[in-house]
Amino acid sequence: MSTIKYLNEFCDIIDTYGGRDKVMKALCYGTKLIGGYYADRKPELAKRYAIASSRISGARATLRLIDDVPMIQYALEYGWGQNESDRVMALLGVTANLVDLLYYPVEKICWLAEHRIVDVHNYDYWDKVNTIFWVLTLRNFGLNQQKLNKLNEMQKPSIDDTVLRKHRLEVCSLVRLTLDFVHAVSYLPKGYLWGGKLSTLQVGAVGTLSSFLYLYQIFTKRNLNK
């Protein structure tokens, strides 16, 4: 693939909200990774990267303020999962939608409190609740992904190059979701699993790897659909 074609593919991705968010996520955790690496070597340089990572993360959080609108639309269209192939898949879908619908308002409260637009008593409590919903969101998405993978295996028993490439993408999704789950739990208070135990370097490494796996999946899926 020529350089121009790669450039066109990249521009097509960042023209979408989801694609731009994933690129920003890669930049966010890439700078966090660099900041963690230089934490003891060059503290002043590490601080600059930490500030850059924080600003990019803040920009992503601001853009998520209107994510609940399409989420509500999707949840209403999904209903009780009546169009799903079985009850298990419907239950997973409804549960995931419910968690998402609770997550976005809580995140808004945290954002408003962080920027001192509203006064919120016990901000740490709301921040903890926000992180828990984030973990649950990732967990529910992971359960749905595993269920979909099993259905795909049942429906497509033949093995060819396309199926193998799709299988690699599914494995990639599971690895990425595991990384996201590890990353999300690390933000929980100490005493909850491995909450608060990962260093800045480790958090940056996990987030960066997850981001690049997602971008790899986007490019690969685009080529598969051609």
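Residues numbered from 1 in each chain as written. Predicted model: local features only at pLDDT ≥ 70, side-chain atom pairs only at ≥ 80, totals over all residues. Heavy atoms only, no water.

As annotated in an unreviewed UniProt entry, the chain carries the name Peroxisomal membrane protein 11C and is attributed to Glossina palpalis gambiensis.

*Asks:* Would you mind going over the overall build of the chain with me for this structure?
*Replies:* For the chain, the count of helices and strands is eight helices and zero strands. Counted from the first residue to the last, the chain has its helices and strands arranged as α-α-α-α-α-α-α-α. In the chain, the share of contacts with a sequence separation of at least 24, taken over all contacts with a separation of at least 6, comes to 68%. Accessible surface for the chain amounts to roughly 14,400 Å². Of this, 61% is attributable to carbon and sulfur atoms. (Helix = DSSP H or I, 4+ residues; strand = E, 2+ residues; numbered from the N terminus. Contact = heavy atoms within 4.5 Å. Areas by Shrake-Rupley, 256 points an atom, 1.4 Å probe, with all protein chains shown as cover.)

*Asks:* I'm lost on the packing of aromatic side chains in this one. Help?
*Replies:* The geometry of an aromatic ring pair is captured by the separation of the ring centres together with the interplanar angle, meaning the angle of the planes. According to the stated counting rule, one finds five aromatic pairs in the structure shown. Geometrically, the ring pair formed by tyrosine 37 and tyrosine 38 is edge-to-face, given 5.0 Å between the ring centres and 85 degrees between the ring planes. The exposure class of tyrosine 37 is partly exposed, given its relative accessible area of 40%. Residue class for tyrosine 38 comes out partly exposed when judged on its relative accessible area of 24%. Just above the ring of tyrosine 37 sits the side chain of arginine 41; from NZ or CZ to the centre is 4.0 Å. (Phe/Tyr/Trp six-rings, centres within 6.5 Å; stacked < 30°, edge-to-face > 60°. Buried < 20%, exposed > 50% of the residue type's maximum accessible area, 1.4 Å probe, protein only. Lys NZ or Arg CZ within 6 Å of the ring centre and 35° of its normal.)

*Asks:* Explanation requested: the pattern of salt bridges in the structure shown.
*Replies:* Here the idea is simple: oppositely charged side chains can pair when their charged atoms come close. Taken as a whole and assessed by the stated rule, the structure comprises six salt bridges. In this structure, arginine 64 and glutamate 107 form a salt bridge, with 2.7 Å as the shortest nitrogen-oxygen distance. Pair noted here: arginine 64 is in the loop between helix 3 (43-63) and helix 4 (68-78) and glutamate 107 is in helix 5 (residues 87-114), with a separation of 43 residues, a long-range link. In terms of burial, arginine 64 and glutamate 107 fall into one category: buried. Each of Asp21, Lys22 and Arg60 takes part in a single network of salt bridges with overlapping partners. (Salt bridge = Lys/Arg side-chain N within 4 Å of Asp/Glu carboxyl O.)

*Asks:* Please clarify how the environment of isoleucine 14 should be interpreted in this entry.
*Replies:* Inspection of the secondary structure assignment puts isoleucine 14 in helix 1 (residues 3-14). Using a relative accessible area of 25% as the deciding quantity, one classes isoleucine 14 as partly exposed. Along the chain, isoleucine 14 and methionine 24 lie 10 residues apart, while their C-alpha atoms are 9.5 Å from each other. For isoleucine 14, the residues in contact, after removing those within four places along its chain, are Gly19, Arg20 and Val23.

*Asks:* Just checking my understanding: could you explain unusual backbone geometry for this structure?
*Replies:* Excluding glycine, residues mostly have negative phi values, and the peptide bonds linking residues are mostly trans. In this model, arginine 116 sits at a positive phi of 60 degrees, which is unusual for a non-glycine residue. Counting through the fold element by element, arginine 116 comes out in the loop between helix 5 and helix 6 (123-155).

*Asks:* It is not clear to me how the nonpolar core should be interpreted in this structure. Could you clarify?
*Replies:* Where a protein is soluble and globular, its nonpolar side chains tend to be buried together. Among the nonpolar cores identified, the biggest contains eight residues, and these are Met71, Ala75, Val99, Tyr103, Tyr104, Val106, Val129 and Phe133. Of all the secondary structure elements, the ones that give two or more residues to this core are helix 4, helix 5 and helix 6. Other than its neighbours up to four places away in sequence, tyrosine 104 contacts Arg64, Asp67, Asp68 and Met71. (Core = buried A, V, L, I, M, F, W, Y, C linked by side-chain atoms within 4.5 Å.)

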